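As a plain string of letters, each chain reads:
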Amino acid sequence: MPKELRIKSMSKKKIVLSVRSLCKDYRRPSGNMFTVLEGINLDIYDGEFLALVGLSGSGKSTLLRCMAGLLSPDRGTVSYANPSPENMQLSAFVFQNFALFPWMTIRENIAVSMPKLTKQEQHVRIDRIIQLVGLKGFEDAFPRELSGGMRQRVSLARAMVSDPMIMFMDEPFSALDPLTSESLRAELVRLWAQPDRKIRSCVLVTHRFEEALQLADRILILSSNPGTIFRSIEINLPRPRMPNSIEYKEIEEQLEKAFGQLHLDKVTDDTEYETIAPEIQPIQKPTEIQNKNKTTSPIVDKNMEESKLNKDIQHTKTKRVKPLINTNLTLVEGLVSRLSTEVETTDLYDLCEDMGQSVDQVLPAVAAAETLGFIITPGIRVVLTEEGRKFASEHDAEARGKMMRYAILKLPVVYSIYELVKNSGEEGLEADIAIEQIVMMLPFEDHDVQFQTLLKWCRYANLIVYDSDEEKLFIPD
Ligand SMILES: Nc1ncnc2c1ncn2[C@@H]1O[C@H](COP(=O)(O)OP(=O)(O)OP(=O)(O)O)[C@@H](O)[C@H]1O
């Protein structure tokens, strides 16, 4: 919904928290600063349940912590409305890992949030909240004596008992098994619907769509690098919500579409990544390599279209470095084969339907196929490139393997590490050096995920092998 309409429809509601032009910077392990959140403007309304979703690393938790006052923004402001009644606590926070004090009983853990009340007042409130979250009989137990679900109930009780104006929750159910998480979510829906509820508003960070769809009045989607508000979706459905209803499905589709766009933008938007491709050396002739190194590379053989690879890699120097997408290459192969059977171009949603999988499952394979140059994604269409078509129609396993190796080696981050491994000869390349190279080339990415994906892809293509005992990378025999 356009921003103006949203403001109009909510304009009669009281604002309890305003965020204006909020920016937050962090320092990377490489020492460079980067902006994680930029120009965030948002209002939270009285009585509203807001969900924040976005790709991993988009800055959801950082924004939540800035709003809750646990972190200070580097620029911009977070302001709370005057509480009413005056002595109302402004906020409370529910953490993903429960964050209970192990040496305190459940009663003592909950009492921590009400330091200003007398023991008698604390007792009354604790009894009420313990009853409400279904922990009666466990008042004097210690956290270690409770299951994960029960510990999170204590954590919820501790946040709710002080009747804060706003409750912030950071992935509160993600450490629980699916069944417990679902039942606790249903419990929260029930608690939220209580007519005498004191907590005015709630902000939830989640990466699970159904959590946002079940709980929120409004979902804000954050884009990444830097995190900005990408889209706002309102949900005017009564609770509990019926996942099979047409209205629910429509909103779910809006959310999936927005998320799909976000994923595709992340892969196709070159402006997101810094140009830091290293000086890439021209690939050497096989004879030179054999003379210099005892190790022979599986990729540099006389069948390789050496000059083409050289040209392609040189070409990438002018482009921005893209991250590797953490997915299995068998899925990418399956996707490309599937697309080659399409007579006309297909869009992402038809593709998911065809494959009987959700957007969440298919997107990483789409993003990886695009990174490898097998497809392009104009808008939400998924179209095979010439390379992709050739790959799909190649039935000889060896030739297909060679094409996959070629596509992977064309990626600057893989190529530069491959060169380092090759030059390290029989000694092998220390994992730390490869990770340093990743941090330098992809400072915005989680370097561990990038390293693991690089190993997975290179093993698949028989480009590099990893000895986990020695923590070294080698060119396979
Ligand atoms: N204290 C910190 N110092 C440096 N970088 C940080 C710090 N905290 C978070 N980051 C980085 O900032 C980015 C945003 O982190 P944040 O945890 O806010 O994202 P998120 O959207 O909540 O991610 P996820 O869904 O994976 O939990 C990530 O790249 C993260 O590595």
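Residues numbered from 1 in each chain as written. Predicted model: local features only at pLDDT ≥ 70, side-chain atom pairs only at ≥ 80, totals over all residues.

The name given to the chain in an unreviewed UniProt entry is ATP-binding cassette domain-containing protein, with Silvanigrella paludirubra as the source organism.

Visitor: Teacher, can you tell me more about the overall build of the chain here?
Guide: When helices and strands are counted, the chain shows 18 helices and 15 strands. Relative to its full complement of 477 residues, the chain shows a buried share of 37%. Taking the contacts inside the chain whose residues are at least 6 apart along the sequence as the reference set, 72% of them involve residues at least 24 apart. (Helix = DSSP H or I, 4+ residues; strand = E, 2+ residues; numbered from the N terminus. Buried ≥ 20, exposed ≤ 12 C-beta atoms within 10 Å, placed from the backbone. Contact = placed C-beta atoms within 7 Å.)

Visitor: Is there a simple way to think about the sheet that holds strand β14 (residues 465-467) in this case?
Guide: The strands making up a sheet associate through backbone hydrogen bonding, with each pair oriented either parallel or antiparallel. The strand order β13-β15-β14 describes an open sheet built from 3 strands, whose pairing is antiparallel. Only two strands of the sheet have a single neighbouring strand rather than two, namely β13 (429-430) and β14. As paired strands, β13 and strand β15 (residues 472-474) are joined by 2 bridges and run antiparallel to one another. Directly across from Leu429, in β15, lies its bridge partner Leu473. (Pairing = 2+ DSSP bridges.)

Visitor: I keep staring at the environment of Ser232 and nothing clicks. Help me out?
Guide: Secondary-structure assignment places Ser232 in strand β9 (residues 229-234). For the pair Ser232 and Arg218, spaced 14 residues apart in sequence, the C-alpha to C-alpha distance is 6.9 Å.

Visitor: What is the right way to read the packing of helix α11 (residues 329-340) against helix α14 (residues 386-393) from this model?
Guide: Two numbers describe a pair of packed helices, the interaxial angle and the distance between the axes. Where α11 meets α14, the axes come as close as 9 Å, and the angle between the chain directions of the two elements is 95 degrees. Between α11 and α14, the angle falls in the class roughly perpendicular. Contacts between α11 and α14 involve Val336, Ser337 and Ser340 from the former and Gly388, Arg389, Phe391, Ala392 and Ser393 from the latter. For the contact of α11 with α14, the residue count by class is 3 nonpolar, 4 polar and 1 charged. (Axes fitted to C-alpha atoms, helices over the stretch in contact; angles between N-to-C directions. Parallel < 35°, antiparallel > 145°, perpendicular 65-115°, else oblique. Nonpolar A, V, L, I, M, F, W, Y, C, P; charged D, E, K, R; others polar.)

Visitor: What am I meant to see in the site of the ligand here?
Guide: Close to the ligand lie Tyr26, Arg27, Val36, Gly54, Ser56, Gly57, Ser58, Gly59, Lys60, Ser61, Thr62 and His207. When the residues that make up the shell around the ligand are grouped by side-chain class, the tally is 2 nonpolar, 8 polar and 2 charged. (Near = placed C-beta within 6 Å.)

Visitor: How do you make sense of the pairing of strand β12 (residues 381-384) when you look at a structure like this?
Guide: Residues in a regular strand project their side chains so that they alternate between the two faces of the sheet. Side chains of β12 alternate between two faces, with Val382 and Leu384 buried and Arg381 and Val383 left unburied. Two strands pair when backbone bridges link them, and strand β10 (residues 346-347) and β12 are joined in this way by 2 bridges, in the antiparallel orientation. Note on β12: the bridge partner recorded for Asp347 is Arg381. Summarising the sheet, strand β11 (residues 375-376) and β12 pair through 2 bridges and their orientation is antiparallel. For Ile376, the partnering residue across the bridge sits in β12 and is Val383.

Visitor: Quick question: what am I supposed to make of the sheet that holds strand β4 (residues 75-80) here?
Guide: Taken in spatial order, the 3 strands make up an open sheet running β2-β1-β4, and their pairing is antiparallel. What marks the edges here is a single partner per strand, and that holds for β2 (33-45) and β4. Strand after strand, the sheet turns through a mean of 20 degrees between neighbouring axes, direction not considered. In terms of strand pairing, strand β1 (residues 15-27) meets β2 through 9 bridges, oriented antiparallel. Looking across to β2, one finds that Lys24 is bridged to Leu37.

Visitor: I'm lost on helix α15 (residues 397-409) in this one. Help?
Guide: Since the α-helix turns once every 3.6 residues, residues separated by three or four places project in the same direction. The terminal C-alpha atoms of α15, which comprises 13 residues, lie 18 Å apart, in line with the 18 Å expected from a rise of 1.5 Å per residue. Within α15 the residues assigned to the buried category are Met404, Arg405, Tyr406, Ala407, Ile408 and Leu409. (Expected span 1.5 Å × (residues − 1).)

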